[in-house]
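Here's the letter readout for the chains.
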Amino acid sequence: MADEFAVAKSKGLGVDDLTQAAEAAVAGRVATLLIEADRQIAGQINMTSGQIQFDDLSHPDVDDLLDDLGELVLKKGGRVVVVPAEQMPTQAGLAATYRY
């Protein structure tokens with residue numbers, strides 16, 4: 001999967017940027033999302049626009065962005081794979097490949 005991501009990214013069909021991945025997920029463009037196991041990024045995703053708002057997990061309305069992004073990709077028909085940190089192809093905690 002790391003090789004597939006590298007090829008997709010070289011063709012402009014893969015990202016490791018959380019904001020870009022969230023916007024693509026809302027649009028239903030994410031085919032596969034790799035999420036780093038045991039990594040959390042606190043914040044919220046606007047489910048209409050895909051915009052990200054970073055925050056603190058101690059706030060009751062704030063959740064893990066990676067978890068929320070994974071749920072969104074699944075709802076839109078994509079595939080989500082949780083990957084150990086040592087096997088992640090990026091340092092960002094995620095890697096998304098697009099359908100188109």
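Quick summary incoming for the structure in this document.

So, how was this worked out
- Residues numbered from 1 in each chain as written.
- Predicted model: local features only at pLDDT ≥ 70, side-chain atom pairs only at ≥ 80, totals over all residues.
- Heavy atoms only, no water.
- Helix = DSSP H or I, 4+ residues; strand = E, 2+ residues; numbered from the N terminus.
- Buried < 20%, exposed > 50% of the residue type's maximum accessible area, 1.4 Å probe, protein only.
- Polar contact = N/O pair within 3.5 Å; in protein donor to acceptor, adjacent residues only side chain to side chain.
- Contact = heavy atoms within 4.5 Å.
- Pairing = 2+ DSSP bridges.
- Axes fitted to C-alpha atoms, helices over the stretch in contact; angles between N-to-C directions.
- Parallel < 35°, antiparallel > 145°, perpendicular 65-115°, else oblique.
- Left-handed = near helix turned anticlockwise from the far one by under 90°.
- Nonpolar A, V, L, I, M, F, W, Y, C, P; charged D, E, K, R; others polar.
- Salt bridge = Lys/Arg side-chain N within 4 Å of Asp/Glu carboxyl O.
- Phe/Tyr/Trp six-rings, centres within 6.5 Å; stacked < 30°, edge-to-face > 60°.
- Lys NZ or Arg CZ within 6 Å of the ring centre and 35° of its normal.

1. Let's talk about the side chain of Thr90
Within the secondary structure layout, Thr90 lies in the loop between strand E6 (79-83) and strand E7 (94-98). Among the residues examined, Thr90 registers a relative accessible area of 7% and is labelled buried. At 2.8 Å, the side chain of Thr90 forms a polar contact with the backbone oxygen of Leu94. Discounting chain neighbours no more than four positions away, the residues touching Thr90 are Phe5, Asp16 and Ala95.

2. A closer look at the sheet that holds E6
Sheet architecture is open: four strands sit in the order E1-E7-E2-E6, paired in mixed fashion. Lying at the two open borders of the sheet, with one neighbouring strand each, are strand E1 (14-15) and E6. Sheet topology note: the strand E2 (residues 30-36)/E7 ladder contains five bridges and is antiparallel. Opposite Thr32, over in E7, you have Thr97 as the bridge partner. Across the sheet, helix H1 (residues 2-10) lies against E1, E6 and E7, angled at about 60° from E7, the strand it touches most.

3. Description of the packing of helix H2 (residues 18-26) against helix H3 (residues 65-75)
Taken N-terminus to C-terminus, the directions of H2 and H3 make an angle of 25°; their axes are 9 Å apart at the nearest point. The angle between the axes of H2 and H3 places the two elements in the roughly parallel class. Helix-helix and strand crossings are classified by hand; for H2 and H3 the assignment is left-handed. Residues Leu18, Ala21, Ala22, Ala25 and Val26 of H2 lie in contact with H3, whose contacting residues are Leu65, Leu66, Leu69, Leu72 and Val73. In terms of residue class, the contact of H2 with H3 is made up of 10 nonpolar, no polar and no charged.

4. Quick look at the pattern of salt bridges
Going through the model one piece at a time under the given rule, you end up with two salt bridges. Of the charged contacts in the structure, one is a salt bridge between Arg39 and Glu36, with a shortest N-O distance of 3.3 Å. Residue classification places Glu36 among the buried residues on the basis of a relative accessible area of 13%.

5. So, the packing of aromatic side chains
Here a ring pair, both rings aromatic, is described through the centre-centre distance and the interplanar angle of the planes. If you walk through the whole model with that rule in mind, you get zero aromatic pairs. Note that Arg29 overlies the ring of Tyr98, its terminal NZ or CZ placed 4.1 Å from the centroid.

6. A closer look at the sheet that holds strand E3 (residues 42-45)
With antiparallel pairing, three strands are arranged side by side in an open sheet as E4-E3-E5. On the outer flanks of this sheet lie strand E4 (52-54) and strand E5 (63-64), each paired with one strand and no other. With three bridges connecting them, E3 and E4 associate as antiparallel partners. What sits directly across from Gly43, in E4, is Phe54.

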